[in-house]
Amino acid sequence: MDYIVFDLEWNIAGKVNKVEKAVQEAIPFEIIEIGAVKLDADFKYVSKYSVSIRPRIYPVLSGPVAAVTKRLQQSLKYGLDFSDAANGFLDWCGQDYLFCTWSESDTSVLKTNLKYYGLSDQLPMNCLDVQYVFDALVEQADVQRSIEYALDFLRLPKNQPFHQAVSDAWYTGQILQKIAGIMEQEASGIDMVGRYAFDPNLTRSYQLHFDGPDTVETALLKIKSQALTCPACGLDLFLQLPWACEGYKALATFSCPVHGRILGKTRFVTKNKNLFQTKVTIRIDRDQEE
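Attention here is on the structure that accompanies the text.

**Concerning the packing of aromatic side chains**
Aromatic rings in a pair are described by how distant their centres are and how their planes are angled relative to each other.
Part 1: On inspection of all chains with the given rule, the structure shows 18 aromatic pairs.
Part 2: Relative to Y117, the ring of Y116 lies with its centre 5.4 Å away and its plane at 80°, an arrangement referred to as edge-to-face.
Part 3: Note on Y116: relative accessible area 35%, which makes it partly exposed.
Part 4: Taking the centre distance of 5.5 Å and the plane angle of 90° together, the rings of F134 and F153 count as edge-to-face. Of the two residues, F134 sits in helix α5 (residues 130-139) while F153 sits in helix α6 (residues 147-154), which places them 19 residues apart along the sequence.
Part 5: For F134, a relative accessible area of 1% translates into the label buried.
Part 6: Since its relative accessible area comes to 38%, F153 is described here as partly exposed.
Part 7: Taken together through their ring pairs, the aromatic side chains of F6, Y49, F89, W92, Y97 and F99 make up a single cluster.
Part 8: In this structure, K38 is placed above the aromatic ring of W92, and the distance from its NZ or CZ to the ring centre is 4.9 Å.

The structure is reproduced here in structure tokens:
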């Protein structure tokens, strides 16, 4: 099995692209660049892929995207149509591979674009979030980090520009190689793919919102009275560890007979002196160790 480490750059409607709301909801992010590196089963470099895409929905570069990527408007006048670029990318991936990205957002955006252009509404492979694996196996700070931070933490060289798809894919591949090397040296026996890979076609989380309870305690009582279900299959959840407060948040653990461990996280936000806003997130645990 190969590891396809890919990164996307995309444009958004912003204030400049006048697009119907229904279209924006169907494809909020339009891919303008795909970059990837292929690693073999031993995490050794095989090849790379890079393609620019000429956007059709959001042809004017938005200010926030330009600020982050340092792109110019002229760059969006060149490239392939998305369908041709995506088919070329998937052909290059081969037959037996795992997608790897820095955060889950790239797989979600790829899936959305494929669906909008009528190519596919599913990704036919599991995915590995290297950002999450870096935190879980290396830093263990429970904080989302940037690629540049991880490179510095692992003392890896930074000799390519950031926020270019193929460069960020290369860096993510270097981080994945380093993590795999660390795991081998420590003889940890951890199966990164078996433990952390996720199905990108599942609905992995949902949120509930409540207004009104005037204390954390009354808000918790309201949460405990809710019938909670699995985000992916809708089956009732079984409570494993009850809600426990830590300041203005609360945590709980549930299980689904089909999709394993489910995490509950609640945040309490004070809207005024006596009113709380409660946000509950129910999410399939990305670490299915058990």
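**Some thoughts on the packing of α5 against α6**
For any two helices packed against each other, the geometry is given by the interaxial angle and the distance between the axes.
Part 1: Packing of α5 against α6 leaves a shortest axis separation of 11 Å and a crossing angle of 25°. Viewed along their axes, α5 and α6 adopt a mutual orientation that is roughly parallel. Once α5 is placed against α6, the crossing between them reads as left-handed. Across the interface between the two elements, F134, V138 and E139 of α5 pack against Y149, A150, F153 and L154 of α6.
Part 2: When its residues are assigned to classes, the contact of α5 with α6 shows six nonpolar, no polar and one charged.

**A closer look at the packing of α5 against helix α7 (residues 165-185)**
Part 1: Interaxial distance between α5 and α7 falls to 10 Å at its minimum, and their mutual angle equals 30°. One finds that α5 runs roughly parallel with respect to α7. Here the hand of the crossing between α5 and α7 comes out left-handed. Contacts between α5 and α7 involve V130, V133, F134, L137 and V138 from the first element and T172, I175, L176, I179 and M183 from the second.
Part 2: Here the residues of the contact of α5 with α7 sort into nine nonpolar, one polar and no charged.

**Here's the deal with the pattern of salt bridges**
Part 1: Applying the stated rule across the entire model yields 11 salt bridges.
Part 2: The salt bridge involving R71 is made with E33; its shortest N-O contact spans 2.4 Å. Of this pair, R71 sits in the loop between α2 (63-69) and α3 (82-93) while E33 is found in strand β2 (residues 30-39), placing the two residues 38 residues apart along the sequence. Here R71 and E33 have matching classes, each one buried.
Part 3: R195 serves as the salt-bridge partner of D287, at 2.7 Å between the closest nitrogen and oxygen. Pair noted here: D287 is in the segment after β10 (275-284) and R195 is in helix α8 (residues 192-196), with a separation of 92 residues, a long-range link. Residues D287 and R195 agree in their burial class; the two are buried.

**Overview of the sheet that holds strand β4 (residues 97-101)**
Part 1: With mixed pairing, the five strands of this open sheet are ordered in space as β3-β2-β1-β4-β5. Taken across any chain shown, the strands that pair with only one partner, and hence form the sheet edges, are β3 (45-52) and β5 (127-129). On average, adjacent strands in this sheet sit at an angle of 25° to one another, irrespective of strand direction.
Part 2: As paired strands, strand β1 (residues 2-11) and β2 are joined by nine bridges and run antiparallel to one another. Paired with D7 across the strands is G35, a residue of β2.

**With respect to the side chain of E33**
Part 1: Relative accessible area serves as the criterion here: at 9%, E33 is assigned to the buried category.
Part 2: Looking at E33, its side chain comes within polar contact range of the side chain of R71, at 2.4 Å.
Part 3: When sequence neighbours within four positions are dropped, the list of residues in contact with E33 reads D7, L8, E9, S50, V51, I53, R71, Q164, A165 and V166.

**Observations regarding the pairing of β3**
Taken residue by residue, a regular strand's side chains alternate between the two faces of the sheet.
Part 1: Note that β2 and β3 share seven bridges and pair antiparallel. Paired with V37 across the bridge in β3 is K48.
Part 2: The hairpin turn running from β2 into β3, its antiparallel successor, is five residues long, and F43 in that turn takes a positive phi close to 65°.

About the criteria used
Residues numbered from 1 in each chain as written. Predicted model: local features only at pLDDT ≥ 70, side-chain atom pairs only at ≥ 80, totals over all residues. Heavy atoms only, no water. Phe/Tyr/Trp six-rings, centres within 6.5 Å; stacked < 30°, edge-to-face > 60°. Buried < 20%, exposed > 50% of the residue type's maximum accessible area, 1.4 Å probe, protein only. Helix = DSSP H or I, 4+ residues; strand = E, 2+ residues; numbered from the N terminus. Lys NZ or Arg CZ within 6 Å of the ring centre and 35° of its normal. Axes fitted to C-alpha atoms, helices over the stretch in contact; angles between N-to-C directions. Parallel < 35°, antiparallel > 145°, perpendicular 65-115°, else oblique. Left-handed = near helix turned anticlockwise from the far one by under 90°. Contact = heavy atoms within 4.5 Å. Nonpolar A, V, L, I, M, F, W, Y, C, P; charged D, E, K, R; others polar. Salt bridge = Lys/Arg side-chain N within 4 Å of Asp/Glu carboxyl O. Pairing = 2+ DSSP bridges. Polar contact = N/O pair within 3.5 Å; in protein donor to acceptor, adjacent residues only side chain to side chain.

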